[in-house]
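Results of the structural survey
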Amino acid sequence: MVMFLFLVVALAVVIAAVTLAVVGGGETGTLPEAAPERLQDPLPYDRPVNRADVESLRFPLAARGYRMADVDDALGRLGAELAERDARITDLESALAGAQAAAHGTPASHAPHVSMEKPAQEDQ
């Protein structure tokens, strides 16, 4: 008998909770549309991107990870700047090779290739 009363009371509590949730849910019935998160500190447009800019870059989370548009924009910008820097390095290496060839009196086409890479540091 006690078990039966417990089940009836539990059933009444569940029915009351569901009824309150349905009736007391508000007039709108659905949640308002939330504005999507945007990248708070995008890469600077007024100067070249540096290492600190890339390290501090944090993308807002979306339903399936990151917002693809923000990541695509950042990667496109970084790719364009890297390509521009590579082209500038190639131009400077060519100019240096030409200047060295002119200083030695050899044609630029026969000038040795000049590498702008850092020499490897020896372990101490």
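Residues numbered from 1 in each chain as written. Predicted model: local features only at pLDDT ≥ 70, side-chain atom pairs only at ≥ 80, totals over all residues. Heavy atoms only, no water.

**Some remarks on the nonpolar core**
- In terms of nonpolar packing, the biggest core is built from five residues, these being L39, L43, V49, L57 and A74.
- Excluding residues within four positions of it along the chain, L57 makes contact with L39, D41, L43 and A74. (Core = buried A, V, L, I, M, F, W, Y, C linked by side-chain atoms within 4.5 Å. Buried < 20%, exposed > 50% of the residue type's maximum accessible area, 1.4 Å probe, protein only. Contact = heavy atoms within 4.5 Å.)

**A closer look at a nonpolar patch on the surface**
- On the surface, a nonpolar cluster with roughly 470 Å² of combined accessible area is contributed by M1, F4, L5 and V8.
- Counting through the fold element by element, L5 comes out in helix 1 (residues 2-23). (Patch = residues over 30% accessible without salt bridge, like charges linked within 9 Å, V, L, I, M, F, W, Y side chains within 5 Å. Areas by Shrake-Rupley, 256 points an atom, 1.4 Å probe, with all protein chains shown as cover. Salt bridge = Lys/Arg side-chain N within 4 Å of Asp/Glu carboxyl O. Helix = DSSP H or I, 4+ residues; strand = E, 2+ residues; numbered from the N terminus.)

**Considerations on the confidence of the model for the protein chain**
- Across the protein chain, the average pLDDT comes to 79, with 76% of residues at 70 or higher.
- When mean pLDDT is taken per element in the protein chain, helix 3 (residues 68-104) scores highest with 90 and strand 1 (residues 61-62) scores lowest with 75. (pLDDT = per-residue confidence, 0-100.)

**Some thoughts on helix 3**
- Spanning 37 residues, helix 3 covers 53 Å between terminal C-alpha atoms, matching the ideal 54 Å at 1.5 Å per step.
- Every buried residue of helix 3 is listed here: D70, A74, R77, E81, E93, A97 and A101.
- Note on helix 3: the residue one or two positions beyond its end, G105, has a positive phi of about 80°. (Expected span 1.5 Å × (residues − 1).)

**Quick notes on helix 1**
- Between the first and last C-alpha of helix 1 there are 31 Å, a value that for 22 residues agrees with the 32 Å anticipated at 1.5 Å per step.
- Across the 22 residues that make up helix 1, only a small minority, zero, are buried.

**So, the pattern of salt bridges**
- Evaluated as defined, the whole model comprises five salt bridges.
- With a shortest N-O distance of 2.8 Å, E81 and R77 are connected by a salt bridge. One end of the pair, E81, and the other, R77, are both in helix 3, four residues apart, so they sit about a helical turn from each other. Across the pair, exposure class does not vary: E81 and R77 are buried alike.
- Between R85 and E81 there is a salt bridge, with its nearest N and O atoms 3.3 Å apart. Of this pair, R85 and E81 both sit in helix 3, four residues apart, which is roughly one turn of the helix.
- When its relative accessible area of 38% is taken as the criterion, R85 is described as partly exposed.
- Sharing partners across several salt bridges, the network here consists of R77, E81 and R85.

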